[in-house]
Every structure is written in C-alpha cells, then in structure tokens.
Amino acid sequence: MDVNAAVAAAAAIAGVLTGAIAVLAFRWSEREQKRPTRTSLHTDPVLPPGVDTVLSVLRSSAVVLDEADSVVKASSAAYALGLVRGGKLAVEPMLQMARDTRRDGEIRQVELDLPRRGTGRGDALAVSARVAPLGSRLVLLLVEDLTEARRIEAVRRDFVANVSHELKTPVGALSLLSEAVMDAFDDPEAVQRFAGRMQVEATRLTNLVQELIDLSRVQNDDPLEDAEPVRVGELVDEAIDRCRHQAGTKQITMVAGGTADLSVWGNRGQLAAALGNLVENAVNYSPARTRVGIAARRVSASGGDLIEIAVTDQGIGISGKDKERIFERFYRVDPARSRATGGTGLGLAIVKHVAASHGGEVTVWSSEGQGSTFTLRLPEAGAARDRAPRTPGLDEDGRTDGTTAVTSPYEPLPAPEVLP
C-alpha cells in the first residue's frame, strides 16, 4: 500500500510539473509572436497607407525613421549612398535634423558634402537633405544627389571663363595694334607690320568663333538625321587640301593610303571637320621636312564592321599625363606652341563629339619625341544603318570616358628624319 501511494504521489507531481511547463511554453510562444522582428520593422504595416507606394516612385533617396531613430523604411538608393548602415541612419547631421523635426514638427532642409564610400578618393558627394514629419511618430528624410548638377554647373562656369579669356586675347591684341597703327600713320613700314599682325589676330579670332559654333552644333544636332554614305577617300582628300598650304610651308609630306572602296555612314560635314582637325593638328605639331600619314582599313567588330582612319605624325608627341586630357575643351599640351600655331584647344573636343555621336570613338597612341597616331573608328556604311549609335562618350567638360587608349593598331612612323 505504501508503495502504491508513493507511485501515485509521484505521478501527480509529474502531471502538475508538465502542466506548468506547458502553460509557460504557451505564454512564451505568445510573447514571441507579439515581439516585433527585424523584418517587421521594415515592412509596410507600420507606414501610413499609400506612403510606401509614393516612396517607391520618388527619384530621391528616402528614409523613414521611428521615434527611436531606427530605420523603418529605406530605399535602395539610400543604401547605395551609404545613408543607412545596420538599420540606423549613418549621417549624424541628418540624424540631428530628424530629431529636431520630431521635436517641433518643422520641415528642415540643408545641403551637405558626404565622403564617398569605397572609392579611396578625396572628392565628396554633394547632397540636399529634406526632413519632414510623417504622422505623429515617424519622420521622413528625402536626400537628393546634387553631385552631377554641381559638376555641370562648374563646367559651364569654366567654359564661360575659358571662352572669355580666349576671346579677350585677340580682341585686346587688335585694340593695341590699332592704336599702334594710328600712332605710326607716318611710317609706312610700321603700318604694314602692324596690319599684318592685325590680320593674324583677326584670323585667330575668326577660327575661335567658328570652332565654338562647330562645337555647339555637334553637341546639339543629331548627325544621323542627315546621314548618308560618305567615301573615306573623299574625306581624306578634303582634309589634305585643307592643310596643303600649311604643310607646304613647312615642307611636310602628306601620304594617304588604304582608302579605296571604304565608306562610313554619317553627316558628311561633321566627319570632314573631325578628320580635318586631326590632320591639321598633325601638321601643326610636326617639325619641318617630316611626314604625316593617313591610312584607312576595315576591321571586324561585334556590332558590325568598323572603318579605322589613322593619322600619324612625327611630331613632339604627348606625355602620359596629358593623354587623358587632350580631348578636354581648351586644353593644350603646349600652350605657347598652340598660340604660335593659332590653335584654340577645341579641335580634339570636336573630334571626340563627332566620333561618339556617330557611334564610334577616337583613340590615341603617342610617345614623346616619336610622334602620335590618332585613330578614328566609325561604323561602315550599310551595316551602320541598323546600328544604333551609343550615347556620346564625352563629359560636359570634355573629359574622356575611358575610350582614350594608349595603344594603336598602327605602327608609328619612324623617328623624325630630314628628307632629301
């Protein structure tokens, strides 16, 4: 009897313990279900109806913060800019703005410069941040990237400053020379000398204005609206004729080859201007009694055959630090020499725009003291009609976008030599 009673008592105690454990487990389960998870903090139910949809279509980076400064909702652009890290707003000035707005309900806006993430560069990311209350508990932060807009504005300011400077030089020279002519009216030799100088400055001014017009035209016009098959041989002949007088003065021999039966698709006037600029540069920067070669060939490419036109000179060459900047507007490798030759610093920028707008590119090989080879690659006529041109690869400031190469499929001409 004592044994049976002990067994019954033990069973009763075990039953009570099991029931207590079951009750505790049930209550713990209910509490865990009610606890907000990491995922639930970023889901839509905590946002007012329709807010999530609006945020998804905004171009600005959006971040929604709760009363504990935790991120309730953040767009992918906000993560890309590095605004949100570990579920928290990582920019302290923006976080302070959100706290102030939560406290008094006022809308705040500020422009900030943020360091770029993972670039290792010192340049900053310019943003405009706007904070506003969203309901009674939440705060909405909208951040707009102003970096590109600021860069374009700086480029425009620099362009205006450069144009003003370039125009001021010949205009000032003409003013001084005209005064000199007036003072030397009784000296025919002086008047003739000053008049010659005035013609030089007037020609430089005319060339600058014309190249500004050409640059504006190639930037704004669609060259394929009036596109047609253009024979490469005709473009080469026109470029040689354009520079024949300059080459003859310096006793420079111009040689062309490989242009038979080759045609490109595009605007004839723009293509002639681009190739003419390349040949003119080759002549201007070559020593006397050297050669300038123009060669063309067909090459295969994934989007269709391309026509390569290479202009090779035996000039002074281009240093490594200048190769990446030669297509910038008003950039001159040798400013003193450019002024002597009447260069404006816009020729290669025009070439770059023309090549890119026609679906092609321009590359350069150069070595100091050995010369340079500029290669213009353009879609061949026929296949080019079905080939959509890529977006022009030159920045607003004329900087290259990676298409400027330091190699060329053409071998450079021999070192400069004196021709018999």
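Our subject is the structure that appears above.
Below or above, wherever it landed, is the structure these notes cover. (Residues numbered from 1 in each chain as written. Predicted model: local features only at pLDDT ≥ 70, side-chain atom pairs only at ≥ 80, totals over all residues. Heavy atoms only, no water.)

Moving on, we get to the packing of helix H8 (residues 268-284) against helix H11 (residues 347-357). Viewed as axis vectors pointing N to C, H8 and H11 meet at an angle of 140 degrees, and their least axial separation amounts to 9 Å. Judged by the inter-axis angle, H8 sits oblique to H11. Judged by the sense of rotation from one axis to the other, the crossing of H8 with H11 is left-handed. Contacts between H8 and H11 pair Gln270, Leu271, Ala274, Asn277, Leu278 and Asn281 from the former with Gly347, Leu348, Ile350, Val351, Val354 and Ser357 from the latter. Looking at the contact of H8 with H11 residue by residue, the class counts come to 7 nonpolar, 5 polar and no charged. (Axes fitted to C-alpha atoms, helices over the stretch in contact; angles between N-to-C directions. Helix = DSSP H or I, 4+ residues; strand = E, 2+ residues; numbered from the N terminus. Parallel < 35°, antiparallel > 145°, perpendicular 65-115°, else oblique. Left-handed = near helix turned anticlockwise from the far one by under 90°. Contact = heavy atoms within 4.5 Å. Nonpolar A, V, L, I, M, F, W, Y, C, P; charged D, E, K, R; others polar.)

We now examine the pairing of strand S12 (residues 306-313). Burial runs high along S12: 8 of the 8 residues are buried. A two-sided burial pattern is seen for S12, the buried positions comprising Leu306, Glu308, Ala310 and Thr312 on one face and Ile307, Ile309, Val311 and Asp313 on the other. Examined bridge by bridge, strand S11 (residues 291-299) and S12 share 8 bridges and lie antiparallel to one another. From the neighbouring strand, Ile294 faces S12, where its bridge partner is Val311. Where S11 folds back onto S12 in an antiparallel hairpin, the turn is made up of 6 residues, including Gly304, whose phi is positive at roughly 130 degrees. When S12 meets strand S14 (residues 371-379), the two strands line up antiparallel, connected through 7 bridges. Within the sheet, the bridge partner assigned to Glu308 lies in S14 and is Arg377. (Buried < 20%, exposed > 50% of the residue type's maximum accessible area, 1.4 Å probe, protein only. Pairing = 2+ DSSP bridges.)

Let's shift gears to the sheet that holds S11. The sheet built from 5 strands is open, its strands ordered S9-S11-S12-S14-S13 with mixed pairing. Each edge of the open sheet is held by one strand with a lone partner, namely strand S9 (253-257) and strand S13 (361-367). The average angle at which neighbouring strand axes cross in this sheet is 15 degrees, direction not considered. With respect to the sheet, helix H7 (residues 232-249) is in contact with S9, S11 and S12, its orientation differing from that of S9 by roughly 175 degrees.

Formed by 44 residues in total, the largest nonpolar core has its most connected members in Val232, Met254, Val264, Leu275, Val279, Val311 and Phe374. Counting only elements with at least two residues in this core, the list comes to helix H6 (188-220), H7, H8, S11, S12, H11, S13 and S14. Broken down by element, the residue count for this core peaks at 8 residues, all from H8. Among all residues touching Val279, those that are not within four sequence positions of it are Ala239, Cys243, Met254, Ile294 and Val311. (Core = buried A, V, L, I, M, F, W, Y, C linked by side-chain atoms within 4.5 Å.)

Attention now goes to the sheet that holds strand S2 (residues 71-74). With antiparallel pairing, 5 strands are arranged side by side in an open sheet as S2-S1-S7-S6-S5. Each edge of the open sheet is held by one strand with a lone partner, namely S2 and strand S5 (108-115). Pairs of neighbouring strands in the sheet enclose a mean axial angle of 25 degrees, with direction left out of account. Both strand S6 (residues 124-134) and strand S7 (residues 138-145) contribute to a ladder of 8 bridges, which runs antiparallel. Residue pairing for S7: Leu134 is matched across the bridge by Leu138. Sitting on the sheet, helix H4 (residues 92-104) is in contact with strand S1 (61-65), S5, S6 and S7, with an inclination near 165 degrees to S5. Along the sheet face, helix H5 (residues 147-183) touches S5, S6 and S7 and points at about 135 degrees away from the line of S6.

Secondary-structure assignment places Asp52 in helix H2 (residues 51-57). The spacing of Asp52 and Lys73 is 21 residues in sequence and 8.3 Å in space, taken between C-alpha atoms.

Relative to the helices and strands, Glu148 is located in helix H5. It is 9.3 Å that separates the C-alpha atoms of Glu148 and Leu125, two residues lying 23 residues apart in sequence. Only 2.7 Å separates the side chain of Glu148 from the side chain of Arg151, close enough to count as a polar contact. (Polar contact = N/O pair within 3.5 Å; in protein donor to acceptor, adjacent residues only side chain to side chain.)

This next bit is on the pairing of S11. Pairing between S9 and S11: 5 bridges, direction parallel. Pairing of Met254 across the sheet is with Val292, part of S11.

Its 13 residues place the ends of H4 19 Å apart at the C-alpha level, agreeing with the 18 Å of an ideal helix rising 1.5 Å per residue. Among the residues of H4, those classed as buried are Met94, Leu95, Met97, Ala98, Asp100 and Thr101. Residues of H4 that are buried sit in contact with S1, strand S4 (88-89), S5, S6 and S7. (Expected span 1.5 Å × (residues − 1).)

When the charged atoms of two side chains with opposite charge come close together, those side chains can pair. Within this structure, the stated rule accounts for 17 salt bridges. Two residues, Arg103 and Asp100, come together in a salt bridge whose shortest N-O distance is 3.0 Å. In this pair, Arg103 and Asp100 both sit in helix H4, 3 residues apart, roughly one turn of the helix. Asp100 gets classed as buried once you look at its relative accessible area, which sits at 17%. (Salt bridge = Lys/Arg side-chain N within 4 Å of Asp/Glu carboxyl O.)

This part covers the side chain of Thr373. Looking at the secondary structure, you find Thr373 in strand S14. On the basis of relative accessibility, which here comes to 0%, the residue Thr373 falls in the buried class. In terms of polar contacts, Thr373 uses its side chain to reach the side chain of Thr312, at 3.1 Å.

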